[in-house]
Amino acid sequence: MKVAPNPEPLLTPPAMASAKLRIERVVKTFQNATQTVEALQPMSLDVQEGEYVVLFGPSGCGKSTLLNLVAGFEEPTDGTIFLDGKEVKGPGNDRLMMFQEHALFPWLNVIDNVMYGLKWERAYRFRFRARRKRAMELLEMVHLTEFARSSIHELSGGMKQRVALARALAPDPQVLLIDEPFPALDALVRAKLYAQLQDILVRTRKTILSVTHDPHEAACLADRVVVFTARPGRLKTQIQIDLPRPRDINDPQVADYARGIAAELEDTNEEEFGTKP
Ligand SMILES: Nc1ncnc2c1ncn2[C@@H]1O[C@H](COP(=O)(O)OP(=O)(O)OP(=O)(O)O)[C@@H](O)[C@H]1O
Ligand SMILES: [Mg+2]
């Protein structure tokens, strides 16, 4: 297992052209009438095209904040985010946040939920048939063609997650942002979803930035796990996962990596609570 001994070199990152996504010295501070919350301290990170990076760290360390900044839903207090060398200044269909199941429209059936994501795409705007064809391809990819006409409430949690994934992939975003994609699913469903997600990744070569609290999930899905310190979040270390795909969540090598990732979090918590010299 390769653990970067010192995250500092990332603060002087390599040439800009090489990174799909560049997070450069990004700071985020939230201010309201009564308090100031420093969510992220200068954070620099490069993500390469087709790379799957998982953000991992204690609760409140700024992981979701970073995803929101990359999505363009929030603006950095300082620093800059670049996609293909161009500054990110707001939301765009080149970056898509995969929302959790509650973001599916319950009044639309499965295929209409997937098609909805295409409605505003120039190539599909007045082309109902093309939208439906694309949506069916995506449902095939997530093995849900039989359920195209089902209502959302007729699906299991895992199936809803797959619809959400299909909807997120429909406009063919370059960067997929996923905040805790698979909570509250039973172990078997999760293992299947991980396998499918990896299969989709290999086929579509998406650049993915996702967040999880589960070290096994991180080890199973990521090319690289970025560990944050406790709030205000900074980069603590990075762990490169050098395992072939598809990976099985129950593979002992995945478990080894997961232990290494979890140990980083324990260290962080000890620092936070002052139990470490
Ligand atoms: N819109 C906001 N206004 C004020 N404070 C915010 C806002 N969003 C996040 N914060 C604060 O920023 C800090 C980081 O929050 P964030 O949601 O990014 O953490 P996280 O790492 O995703 O945590 P978790 O693992 O619990 O989801 C927290 O202290 C949170 O209270
Ligand atoms: Mg969060």
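J.: Could you give me a rundown of the sheet that holds strand β6 (residues 86-87), with the residues and numbers involved?
T.: The antiparallel open sheet is built from four strands, whose spatial order is β3-β2-β5-β6. Each edge of the open sheet is held by one strand with a lone partner, namely β3 (36-47) and β6. Bridge count between strand β2 (residues 21-31) and β3: eight bridges; the pairing is antiparallel. Opposite I23, over in β3, you have L45 as the bridge partner.

J.: Which residues make up the packing of helix α4 (residues 157-169) against helix α5 (residues 187-204), and what values go with them?
T.: The geometry of α4 relative to α5 is characterised by a closest axis approach of 11 Å and an angle of 15° between their N-to-C directions. Relative to α5, the element α4 is oriented roughly parallel. Handedness of the α4/α5 crossing: right-handed. Facing G158, Q161, R162 and L169 of α4, the residues of α5 in contact are V189, L193 and T204. Among the residues forming the contact of α4 with α5, the class breakdown is three nonpolar, three polar and one charged.

J.: Pulling in residues and values, what's your account of unusual backbone geometry?
T.: Note the cis peptide between R231 and P232, where omega equals -10°. In this structure, P232 sits in the loop between β10 (224-228) and β11 (235-240). Phi at D84 takes a positive value of approximately 50°, unusual for a residue other than glycine. Relative to the helices and strands, D84 is located in the loop between β5 (78-83) and β6. With phi around 50°, R205 is a residue other than glycine that occupies positive phi space. If you trace the backbone, R205 turns up in the loop between α5 and β9 (207-211).

J.: Account for the nonpolar core, naming residues and giving values.
T.: Of all hydrophobic cores here, the largest spans 75 residues; its most connected members are V70, V114, L177 and V225. Counting residues per element, this core draws most heavily on α4, at seven residues. When neighbours within four sequence positions are excluded, V114 is seen to be in contact with A135, L138, L139, V163, A166, R167 and A170.

J.: Requested: an account of the pairing of β9, with residues and values cited.
T.: For β9, the tally of buried residues reaches four of five residues, placing the bulk of the element in the interior. Pairing geometry for strand β4 (residues 52-56) and β9, over four bridges, is parallel. Within β9, the residue paired with V54 across the bridge is S210. With five bridges joining them, strand β8 (residues 175-179) and β9 adopt parallel strand pairing. Paired with L176 across the strands is I208, a residue of β9.

J.: Go over the site of ligand 1 with me, naming the residues and quoting the values.
T.: F30, V37, A39, S59, G60, C61, G62, K63, S64, T65 and R231 make up every residue found near ligand 1. Where the shell around ligand 1 is concerned, the elements lending two or more residues are β3 and α1 (63-71). Tallied by class, the residues present in the shell around ligand 1 amount to four nonpolar, five polar and two charged.

J.: Residues and numbers for the pairing of β10, please.
T.: Burial analysis of β10 places four of its five residues in the buried class, the great majority of the element. Relative to β10, β4 runs parallel, the two being bridged by four bridges. Along β10, the bridge assignment pairs V54 with V225. Adjacent in sequence and paired antiparallel, β10 and β11 are bridged by six residues.

J.: A description of α1 should follow, citing residues and the corresponding values.
T.: With respect to burial, α1 is a largely interior element, seven of its nine residues being buried. Taken as a whole, α1 has its buried residues at K63, T65, L66, L67, L69, V70 and A71. Backbone geometry just downstream of α1 places G72 in the positive-phi region, at approximately 90°.

Reading the values: the criteria
- Residues numbered from 1 in each chain as written.
- Chains lettered and ligands numbered in written order.
- Predicted model: local features only at pLDDT ≥ 70, side-chain atom pairs only at ≥ 80, totals over all residues.
- Pairing = 2+ DSSP bridges.
- Helix = DSSP H or I, 4+ residues; strand = E, 2+ residues; numbered from the N terminus.
- Axes fitted to C-alpha atoms, helices over the stretch in contact; angles between N-to-C directions.
- Parallel < 35°, antiparallel > 145°, perpendicular 65-115°, else oblique.
- Left-handed = near helix turned anticlockwise from the far one by under 90°.
- Contact = placed C-beta atoms within 7 Å.
- Nonpolar A, V, L, I, M, F, W, Y, C, P; charged D, E, K, R; others polar.
- Core = buried A, V, L, I, M, F, W, Y, C linked by C-beta atoms within 7 Å.
- Buried ≥ 20, exposed ≤ 12 C-beta atoms within 10 Å, placed from the backbone.
- Near = placed C-beta within 6 Å.

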